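# Topology and contacts: notes
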There are 2 protein chains.
Amino acid sequence: MSELQQRIRKKSLHQRIMSAEDTIPFFKNGMDLGWSGFTPVGYPKVVPEALADYVEKNNLQGKMRFNLFIGASIGAEIEDRWASLSMTDKRWPYQTGNVVQKQVNNGGVRMGDKHLSLYAQDLAYGFYTKERGGGFDLGLIEASGITEDGSIILGGSIGCATEVIQHSDRLIIEINTAIPSFEGLHDIVMTERPPYKKPYLISRVDDRIGSPYVPCDPDKIIAIVESKKPDRGRALSAPDAVSEQIAAHIIDFFQFEVKAGRLPKNLLPLQSGVGNIANAVVGGLVQGPFSNVQVWTEVIQDTMLDFFDSGKLDFASSTSLSLSEGGFQRLYDNWDFYTGKVVLRPMQISNNPEPIRRLGVIAMNTPVEFDIYGHANSTLVGGTRMINGIGGSGDFLRNAYLSIMHTPSTRPSKTDANGITCVVPMVPHVDHTEHDLDVLVTEQGLADLRGLCPRERAQQIISKCVHPEYKPIMQEYYERAQRECFEQNVGHEPHMLFKVFKMQQSLAEKGTMKIPNWD
Amino acid sequence: MSELQQRIRKKSLHQRIMSAEDTIPFFKNGMDLGWSGFTPVGYPKVVPEALADYVEKNNLQGKMRFNLFIGASIGAEIEDRWASLSMTDKRWPYQTGNVVQKQVNNGGVRMGDKHLSLYAQDLAYGFYTKERGGGFDLGLIEASGITEDGSIILGGSIGCATEVIQHSDRLIIEINTAIPSFEGLHDIVMTERPPYKKPYLISRVDDRIGSPYVPCDPDKIIAIVESKKPDRGRALSAPDAVSEQIAAHIIDFFQFEVKAGRLPKNLLPLQSGVGNIANAVVGGLVQGPFSNVQVWTEVIQDTMLDFFDSGKLDFASSTSLSLSEGGFQRLYDNWDFYTGKVVLRPMQISNNPEPIRRLGVIAMNTPVEFDIYGHANSTLVGGTRMINGIGGSGDFLRNAYLSIMHTPSTRPSKTDANGITCVVPMVPHVDHTEHDLDVLVTEQGLADLRGLCPRERAQQIISKCVHPEYKPIMQEYYERAQRECFEQNVGHEPHMLFKVFKMQQSLAEKGTMKIPNWD
C-alpha cells in the first residue's frame, strides 16, 4: 500500500483518489469555496495550482472567478497567482501577497475582514453565503489523514477547516504525505447554532473538550489528491534593537504587576501576535524570570520552540503552527517532546471570548498606529489601504485580562528615517477602541492606561510613547485642543477635528509627518 | 419590630442602624467610593444627599471630592447635586445629568467609560484603584434586606454592586423600606480572578447558576440607614412615527430571517438598549407575529411589561428594572406574575460575552451616528463631547448573533429640521467598528451588511439608510473617494481623508451638514 493509501484508513475512499488535474471539472465560475489554511500553514496547494494552470492555459482569466473563505492567510504563491489570473472575487478574512493586496485596494477583489472567532461562527450560521442558503459549493481541505469512518485528520493548522468541512456540499481533500500524520494534536469541537450551543468547558490551557478528528460524511468527499508540498512556513528575521527594547519594557511591566499582586508568578496565559515584536517578546521571556508559563494563542512561531526548550513554557494552545521550514524540522525531529505540550483548536475556540476571558489571557499585538486616546488602527494605512486584515487581534484584545499593543514609535518614510509617527492625534481608522486597550508600548516607554480618563491617557501616551522628534508637535496638539474644547464645554476627549489629519496630509504632500505647527 | 428591623434578619446588625447624618464622619476627601445603582435604579439616595447637605452647609465645595465607581447611571438629582458641589472627581463608567455632563466636558470631572462587563470585572481585579492596591475605601449599597448571615438582598438593580460589596473595606447599607423585598429575584455569581474563574453554565435565559444573596462579611458593615425614597424610575415618551417606522423595518427583517431558516420561529433572546427606538421595537413585538420570545438584556423598560402581558414574552434576564414610577407600581401589583418570569444578574454576567454568544442574543442599540462603512459613534458628539458613556452596547453588539444599530436618519440642528445627518462618511469617534455590526437601520430602510465588502456596505447604507436630502451628497462623496483612491491602489475603504469632516465643519459654521459639494 502506498503512503497515501495508508493515510486513508477508510478503504472505500481509495477509489476517490485522483490527480489534481482530474478535479478541474468540479469547479464552476462563481462558486463559493471554503479552504483550510491559517498563517500560511495547512492550506491546499496542488489543486489550486492545477486550477490556476488550467485557467492560464485556456485563457480563462476573468471567466473562472471564485469567492474564497479561508481561516486566514495562505501562501502568497497561490494567493497572488489566483489574483493575477483574476480568479479571486470575494476573499475573506485576511490575505498576504502583493498582487492580491493591490487588487483589494483597486476594486479587483472584494475583501472583507471580521474578528476571526465571529467569522468562523458566522460561516457556520450561513451569513456569508446567504444567497445560496449558507455553506459552500466546494470545500478544499489539506489533511494529514482520514480515519476508518471518514473523519478528517488535519495538519499543522485548523482555522475554520471545521466549519468548511461541516458546511460544504462537496469536499476535495489533499492528503499531504510530505508531512507526518498530526493525529492526536487537534481538539475538535464543531460550531453549533443557537439555541443549541453548549459551554466550552476549558478552564486550563491544556483542557481537551473535543475529539482528535473532524467528523465528515464520506459521501461528500468527491476527490482525494496527494500533495507532496510541505508548508513553506514563515521565517522571521532576528529581533532588532527597537523590538528588543519594547520586549524589555513589557517584561519589566510583568514583573511590576507580579509584585503588585495583580499577576501570578507564572503570569497568565500569553497570546502574542505575528511578527518581529511578538517574536522579540517571546525571545525576552526565554531569557526572562518567569517559569511554568502557558500560552493561549492563535499562532505558534519559531521562538515558541526555544521557549519550550528553555523549560520555562509548560503548554501552548493555538490554532496554527506558523513555523519556518527549519522550525517544522525541529518539530518533526522532537515530535513527542513538543506535541506533548501543544494542542491545536478550531479558531472559533482559540479566539473565542469565553475561554480568553475565563483563562485571563494577556494579549499582545502590533498595530499600524495608535492615537493619544488609546484607539488603534490595525488594518488600513491612511484610513483606506488594506494591508492584511484584522485577524484575531480584536478577539484577544477585547477579552484579555491585560490588552497590550506595541509598535515602534516611528517608521521611515521615503525621505525621512522618522517620517511617520506611529502615535497620532486620531487614527484614521479604528479597529480597537479606547474601551479595549490597557497598555501601549513603544521603544520609548510603556503607558499603563488602566483607570485613566481620556485626558490623562493622552498625557501618559505623549510622555511615555511618542518619539522625541514628535513630542513637541503632539504636546502642542493636545494642549491646544484641550484649550479650545474646554472653552465650549466639549472637551471630554479634546480634538481639533478640522485639523486632525494635518500630519497625514503633510506625509502625503511633503513625505514627513513632522509639521511646523497646528495653525 | 419596625419594618427596617424586620428587613435586617441578622439581629446583631441592628446596632449599626443610624441616621444618614451620622455616617458623614466616615467620608474623607479623596476616597474611592463604590456604589450600587444602574439606569437609575437601586442607587443609594439618603446618604449621598446628607453628605451633599453637609458639604453645602459647611462650604466644603472642592474640599470633599470623591472617585465614584457605579454600575451605570444614578438619579440626576444626586449626580448633578454632587457635581455642582464639586464633590465628583473621577466618575466611571456612565452618567446622566446636565451639570455632571458639563463638568465631564470642561475638565471638572475625570470620567472614563469601558464596556460594562469588562469594567465590572476590572473593578474586581483592582485595575481602577491601583494606587490603593485595588478595592474601595467605602461602599454605598442600596438593598431591600439583609439575611440571617449578613448577606445582602439587593433591590431593583444589581450592576456592579456585587464587586463593590466584595471589594470595599467598609460598607454603608441603605435599606429601602419604600420598596418591597426583592428576595429571590437575583441570581448572584461573584467575580473571581484568573486562574480561578469558572464557566458560567447558562444555556437558557432562565438558568440560575448562583445564589439569591450577595455574600458579605457583616463586620464590614459599619452603618445601616433607612431610606424611604422609592426609585424615581424612568418614563418614556410614546413612540413617534420615526421610531415606529424603524421598528417596522426590524420586524420585517426578523420575519425574513425566520423564513430563510436563519432564526427560529420564536427568534433568539433579544437585547434592546435604552430609549425610545428600543421601546418602539418592543412595542412592535407586542403587536407582532412572534411568540415564546425571550429577552437577555441589561435593562427592562416599561414596554417589557406590556410584552409579558401580551403572553408573547416568556422570560427576561436583566441586570436592572429600569421602570417608570407607574411601571414599578404595575410590578408590585402583579408581583408573582412578573417576577416568575424575570431574573436579575450582576452586569458582569448580563453583559458577559460568554452567555451572549452561547445564547445567540439579537442586540439592538441606538448610536449617535454611523458611517458608510459601518462604524458607529455611541458616545462623543463631534468626536469630543461626552454624552453618557458606552454602557453595554459594545458587550452586546460584539458578541451577538445579530448586531443591529438603529437611529433616525437625521436630527434637527438649531436652524434646520434635518440639519444633522446621522449617516456620515466617517464617524469622528468610533465605539463600534465595521467588524462588529451586521445590520443598520433608519426610518428610511434597513441595510443588511453581512458578507459585504466595505464598498458594497457603503452603497447599501447610502441607498437604504440615508435621508433623501443627504443622498446626493453622500453618493458624491463615495464615488469621488472611490475614484481618487482606486487611482492610487489605496481604495479598500475609499475616503477623502483631508475633507472627511467637511460636513461637521459646515454644521459648526453654518448650522447644517448640507454642503453644496466636496471641492
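Residues numbered from 1 in each chain as written. Chains lettered and ligands numbered in written order. Predicted model: local features only at pLDDT ≥ 70, side-chain atom pairs only at ≥ 80, totals over all residues. Heavy atoms only, no water.

### So, the UniProt feature "domain: Acetyl-CoA hydrolase/transferase N-terminal" (unreviewed entry) in chain A
This is how the line gets drawn: UniProt positions are given in the numbering used here, feature names are shortened, and annotations may be inferred rather than shown by experiment. We count a stretch as a helix when DSSP gives it H or I for four or more residues in a row; a strand needs E for two or more, and each element gets its number in order from the N terminus.
Cross-referencing UniProt, the feature "domain: Acetyl-CoA hydrolase/transferase N-terminal" (unreviewed entry) maps to residues 10-226 of chain A in the present numbering. Split by type, residues 10-226 of chain A is 22% helix and 20% strand. Its first and last C-alpha atoms lie 16 Å apart.

### Remarks on the side chain of A:Asn418
Residues and elements named next belong to chain A. Under the convention used in this document: With a 1.4 Å probe rolled over the protein chains alone, any residue whose accessible area is under 20% of its type maximum counts as buried; one over 50% counts as exposed, and the rest are partly exposed. Definition of a polar contact: a pair of N or O atoms within 3.5 Å, with one able to donate and the other able to accept a hydrogen when the atoms are protein atoms, and with sequence-neighbouring residues admitted only if both atoms are side-chain atoms. Pairs of residues are marked as contacts when any of their non-hydrogen atoms sit within 4.5 Å.
Within the fold, Asn418 resides in the loop between strand 19 (410-411) and strand 20 (420-421). On the basis of relative accessibility, which here comes to 16%, the residue Asn418 falls in the buried class. Of the polar contacts made by the side chain of Asn418, one reaches the side chain of Thr410; its length is 2.7 Å. When near neighbours in sequence (up to four residues on either side) are disregarded, Asn418 contacts Thr410, Arg411, His467, Glu469, Tyr470 and Lys514.

### A few points about the pairing of strand 22 (residues 439-442) of chain B
Residues and elements named next belong to chain B. Let me state the cut-off plainly: A pair of strands counts as paired when DSSP detects no fewer than two bridges linking them.
With burial as the criterion, each face of strand 22 is covered, one bearing Val439 and Val441 and the other bearing Leu440 and Thr442. Bridge count between strand 18 (residues 402-406) and strand 22: three bridges; the pairing is parallel. Pairing of His406 across the sheet is with Val441, part of strand 22. When strand 22 meets strand 23 (residues 445-448), the two strands line up antiparallel, connected through four bridges. What sits directly across from Val441, in strand 23, is Leu446. Following strand 22, the chain reverses through two residues before pairing antiparallel with strand 23.

### Describing empty space enclosed by the protein
As a reminder of what qualifies: Throughout, the protein atoms alone are placed on a 1 Å grid, and a set of points is a cavity if a 1.4 Å probe fits but cannot get out or a pocket if it is open with protein on both sides within 12 Å along at least five of seven lines; lining residues have an atom within 4 Å of a point. Grid points are joined across faces, edges and corners, and a volume is the space filled by probe spheres set on the points.
Here the structure, examined in full by the defined rule, presents ten cavities of 30 Å³ or more. Considered as a void within the structure, the largest cavity measures approximately 170 Å³ in volume. As for the largest cavity, its lining consists of 20 residues, of which A:Met426, A:Val427, A:Val430, B:Val427 and B:Val430 are closest to the centre.

### Considerations on the sheet that holds strand 15 (residues 376-377) of chain B
All names here are of chain B. Reading across the sheet, the three strands line up as 15-14-21 and stay open at both edges, with mixed pairing between neighbours. The sheet is open, and its two edges are formed by strand 15 and strand 21 (423-424), each paired on a single side. Where strand 14 (residues 369-371) meets strand 21, two bridges bridge the pair, whose relative direction is parallel. Pairing of Phe370 across the sheet is with Val423, part of strand 21.

### Focus: the interface of chain B and chain A
Put simply, the rule is: Summed over both partners, the accessible area lost on bringing two parts together, with a 1.4 Å probe, is the buried area. Any Lys or Arg side-chain nitrogen found within 4 Å of a carboxyl oxygen on Asp or Glu counts as a salt bridge. We call Asp, Glu, Lys and Arg charged. Ala, Val, Leu, Ile, Met, Phe, Trp, Tyr, Cys and Pro are nonpolar, and the rest, Gly among them, are polar.
Taken together, the 89 residues of chain B in the interface contact 89 residues of chain A. Counting each side, the surface lost to burial between chain B and chain A is near 7,600 Å², with a carbon and sulfur contribution of 55%. When residues of chain B are sorted by the area they lose upon contact with chain A, B:Arg357, B:Arg398 and B:His435 head the list and together hold 11% of the total. In this assembly, chain B and chain A are joined by eight salt bridges. Its salt-bridge partner being A:Asp438, residue B:Lys114 comes within 3.1 Å of it at the nearest N-O pair. The tally of links from chain B across to chain A stands at 44 residue pairs in polar contact (both at pLDDT 80 or more). Among the elements that line the side of chain B that touches chain A, the one with the most residues is helix 13 (residues 353-359) of chain B, at five residues. Each residue belonging to the side of chain B that touches chain A can be placed in one class, and the counts come to 37 nonpolar, 27 polar and 25 charged.

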